[in-house]
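Observations on the model geometry
Residue-level listing of the chains:
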Amino acid sequence: MTEKKTPKKPLIFYAVVAMIILLVFNLLFMPALNRIPEVPYNFFVSSLEQGNVQLVEVQDTQIAFITQDEAGQQGIYVTGNPNDPQLVDRLLDAEVDFGQVIPKEESPLLMFILTWILPIILFVVIGQLMARYMQKKMGGPNSMSFGKSNAKIYVEAQTGKTFADVAGEDEAKEALKEIVDFLHNPSKYESIGATMPKGALLVGPPGTGKTLLAKAVAGEAHVPFFSISGSEFVEMFVGMGAAKVRDLFKQANEKAPCIVFIDEIDTIGKKRDGGGMGGGNDEREQTLNQLLTEMDGFDARKGVVILAATNRPESLDKALLRPGRFDRRIPVELPDLAGREAILKVHAANVKIAPDVDYNAIARATAGASGAELANIVNEAALRAVRLGRQSVTQADLEESVEVIIAGYQRKNAVISPKDKRIIAYHEIGHALVAAKQSNSAPVTKITIIPRTSGALGYTMQVDEGEKVLMSREEAFNKIATLTGGRAAEELIFGNYTSGASNDIEQATKLARAMVTRYGMSSEFDMMALETVTNQYLGGDTSLACSPETAAKIDSEVLGIIKKAHAKAISILKENSGKLDELAQYLYEKETITGDEFMQILNKPKAS
Ligand code: ADP
Ligand code: MG
Ligand code: ZN
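Computed from a predicted model, the values in this text were never measured in an experiment.

1. A look at the pairing of strand β1 (residues 53-58)
Across 5 bridges, β1 lies against strand β2 (residues 62-68) in antiparallel orientation. When the sheet's bridge partners are listed, V58 is paired in β2 with I63. Counting the residues that bridge the hairpin from β1 to β2 gives 3 residues. Note: β1 against strand β4 (residues 97-98), 2 bridges, orientation parallel.

Rendered as structure tokens:
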């Protein structure tokens with residue numbers, strides 16, 4: 001499925017044409033020799049003896065001859081010249097004619113032209129084209145006319161997609177609808193003095209419909225849509241990527257209002273790792289710098305909106321995410337149960353499908369699958385129906401193709417088995433319950449067991465009610481207890497645990513460590529600063545400043561805090577094991593629940 005057109009003929013095209021021309025000439029004028037069948041010498045001798053040979057041409061290395069048998073059938077052959085001493089006698093005995101068998105080569109002048117002049121002309125022409133091509137890319141002074149003629153490079157007239165093509169993803173659609181509305185009536189926003197964010201970044205795992213969403217925006221907004229993939233900026237020659245960016249924005253400014261969509265922006269927007277060796281990434285850095293400059297340079301009120309998509313947001317350069325650039329981040333997450341059902345229906349609308357198909361059952365079986373995978377499942381089912389000679393897709397086709405697709409993706413662990421799903425549900429409820437049962441901890445607002453962009457298998461979102469700048473010792477400790485709650489629930493219910501808590505462990509350790517080394521919250525060290533933050537703005541790396549003995553003590557303090565918090569989490573969960581089961585079961589079925597639903601079940605008096 002390639003949607004991208006190549007409006008300009010690339011260099012390689014001319015090279016191929018030249019090759020073909022050369023080849024044709026070669027075939028036409030190649031000495032006829034090569035097309036004459038070669039036969040063994042004894043065939044020649046026997047033909048001579050039978051008197052079938054009419055005409056012979058003896059050359060240094062070979063003998064060509066024409067035969068005519070009794071039936072009048074003519075043949076022309078060559079054979080090697082073995083320097084047979086009896087050859088002359090044989091030829092005289094057979095009384096054959098001598099003459100020219102192989103047609104003479106073309107006139108020397110023509111051959112000279114073909115072998116020397118033509119290639120030279122071709123090389124000159126290709127060289128010229130190459131030079132112009134480069135000039136245009138560099139945006140050199142002579143390139144005006146050439147650049148203009150290619151002005152449509154990035155324009156994709158009509159994507160033909162609308163928001164109706166995107167199922168689920170309601171939050172992302174909501175955010176994008178505002179942008180569409182802005183492009184439709186900018187005056188509404190201008191009169192209040194509001195400016196649109198210059199850029200919005202679609203963030204989510206592969207196949208969740210980021211590219212599709214961007215296309216839908218273009219389809220809804222009815223404005224020109226400049227689409228380019230980040231990898232297209234990465235050029236062989238330094239400076240070309242930057243020139244492309246400049247060119248892109250120049251065109252966008254001329255066509256405003258319009259949308260510029262940069263897909264897979266991480267290919268150019270990767271973190272610049274300052275002071276690298278040998279400057280291997282010069283080209284990419286230049287391109288990125290140019291992009292930043294252009295984004296600062298243009299006026300958002302003109303109506304140029306920049307959308308970008310990535311599935312690796314953490315690798316993006318911080319400068320790109322700064323206010324005034326891609327300051328709006330639109331998460332496009334994997335679909336939950338309802339979302340999957342909706343996506344299946346959207347794609348089922350394109351195929352003939354039996355009316356009694358149970359989409360919900362298919363959606364249930366595909367926890368963790370992306371929109372692209374679901375689209376694939378429907379397509380696979382349609383193929384199966386065709387294979388079996390049926391007129392429409394049935395439930396069985398869909399079920400079969402779920403298995404095919406899931407087997408295909410199992411390697412990547414994309415689809416979650418019911419067993420894992422159960423463990424994840426208990427794990428997340430473990431976090432939420434421990435959080436809810438402790439004072440001074442932020443209320444739970446959302447729990448989901450749909451894998452997140454960050455790589456987490458589930459997620460419990462807690463949002464503080466007010467702005468919090470200070471954290472008390474108790475809050476810090478409770479937070480660690482909440483972080484251990486996931487693993488605690490696994491231990492309690494399954495008597496066993498999984499690797500799913502790795503991120504929790506990392507965070508809990510970080511926090512416990514900070515309590516000891518930076519917040520002065522341990523009895524042992526009082527207010528001694530043991531670690532300092534070295535890089536305030538870029539990630540907050542810390543460096544240890546103490547003796548090895550102290551470092552060992554720090555470790556044991558940290559371990560003590562975590563162990564205490566873990567024990568607390570276990571005891572909380574033990575006390576509330578009934579609710580733990582009930583909530584986990586509910587989450588298992590719904591996949592995503594709100595904080596309100598959570599609190600409702602939690603506060604519901606016991607049934608018995
Ligand atoms: P991404 O850019 O996020 O990797 P794409 O936008 O390329 O994913 O999605 C690939 C295909 O998957 C789409 O063309 C569409 O057919 C299907 N798809 C993905 N998400 C959805 C969705 N929410 N609704 C409908 N189809 C979807
Ligand atoms: Mg994409
Ligand atoms: Zn967890």
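2. Quick notes on the site of ligand 1
Neighbouring residues of ligand 1: 16 residues in total, closest A167, G207, K210, T211 and H347. One nitrogen or oxygen atom from the side chain of H347 is found 2.8 Å from a nitrogen atom belonging to ligand 1. Relative to its unbound accessible surface of 560 Å², ligand 1 loses 82% to contact with the protein. Going through the elements one at a time, α8 (210-221), α13 (337-348) and α15 (371-387) are the ones with two or more residues in the shell around ligand 1. Considered class by class, the residues forming the shell around ligand 1 number 7 nonpolar, 6 polar and 3 charged.

3. A closer look at the side chain of R487
Secondary-structure assignment places R487 in helix α18 (residues 473-494). Discounting chain neighbours no more than four positions away, the residues touching R487 are H427, Y497, T498, A501, I505 and H566.

4. Focus on the coordination of the zinc ion (ligand 3)
All of the protein donors around the zinc ion (ligand 3) are H427 (NE2), H431 (NE2), D504 (OD) and D504 (OD); their distances to the metal are 2.0 to 2.8 Å. For the zinc ion (ligand 3), the 4 donor atoms are set out with angles of 51 to 144 degrees between them, so the coordination reads as irregular. Here the donor residues of the zinc ion (ligand 3) are spaced in sequence according to H-x3-H-x72-D. Placement of both H427 and H431 in helix α17 (residues 418-436) is noted, with a separation of 4 residues, approximately one turn of the helix. A relative accessible area of 8% means that H431 is categorised as buried.

5. Description of α15
If you check α15, its first and last C-alpha atoms are 24 Å apart, about what 17 residues at 1.5 Å a residue would give, namely 24 Å. Within α15 the residues assigned to the buried category are G371, E373, L374, I377, V378, A381, A382, R384 and A385. Downstream of α15 by one or two residues, G389 has phi in the positive range, about 70 degrees.

6. Some remarks on the UniProt feature "binding site: Zn(2+)" (unreviewed entry) in the chain
Feature annotation in UniProt places "binding site: Zn(2+)" (unreviewed entry) on H427, H431 and D504, given in this structure's numbering. These annotated residues cover 78 residues of sequence, and their C-alpha atoms all fall within 10.8 Å of one another, placing them together at a single site. Those residues within four positions of H427 in sequence are excluded, and the remaining contacts are G485, G486, R487, E490, G500, A501 and D504. Tracing the backbone shows D504 in helix α19 (residues 502-517). The residues touching D504, leaving out its near neighbours within four places in the chain, are H427, H431 and L483. Within polar-contact distance, the side chain of D504 engages the side chain of H427 at 3.0 Å.

7. Some remarks on the sheet that holds strand β9 (residues 328-331)
With parallel pairing, the 5 strands of this open sheet are ordered in space as β6-β7-β8-β5-β9. Two strands in the sheet have a free side with no partner beyond their single neighbour: β6 (225-229) and β9. For this sheet, the mean inter-axis angle between neighbouring strands, taken without regard to orientation, is 20 degrees. As paired strands, β6 and strand β7 (residues 258-263) are joined by 5 bridges and run parallel to one another. Paired with I228 across the strands is I262, a residue of β7. The strands touched by helix α10 (residues 240-255) within the sheet are β6, β7 and β8 (304-310), with β6 carrying the most contacts at an inclination of about 165 degrees.

The rules behind these values
Residues numbered from 1 in each chain as written. Chains lettered and ligands numbered in written order. Predicted model: local features only at pLDDT ≥ 70, side-chain atom pairs only at ≥ 80, totals over all residues. Heavy atoms only, no water. Pairing = 2+ DSSP bridges. Helix = DSSP H or I, 4+ residues; strand = E, 2+ residues; numbered from the N terminus. Near = heavy atom within 4 Å. Polar contact = N/O pair within 3.5 Å; in protein donor to acceptor, adjacent residues only side chain to side chain. Areas by Shrake-Rupley, 256 points an atom, 1.4 Å probe, with all protein chains shown as cover. Nonpolar A, V, L, I, M, F, W, Y, C, P; charged D, E, K, R; others polar. Contact = heavy atoms within 4.5 Å. Donors = N, O, S within 2.8 Å, 3.2 Å for Na, K, Ca; no water. Tetrahedral: all angles 85-135°; square planar, octahedral: opposite > 155°, others 65-115°. Buried < 20%, exposed > 50% of the residue type's maximum accessible area, 1.4 Å probe, protein only. Expected span 1.5 Å × (residues − 1). UniProt positions renumbered as here; feature names shortened; annotations may be inferred. Axes fitted to C-alpha atoms, helices over the stretch in contact; angles between N-to-C directions.

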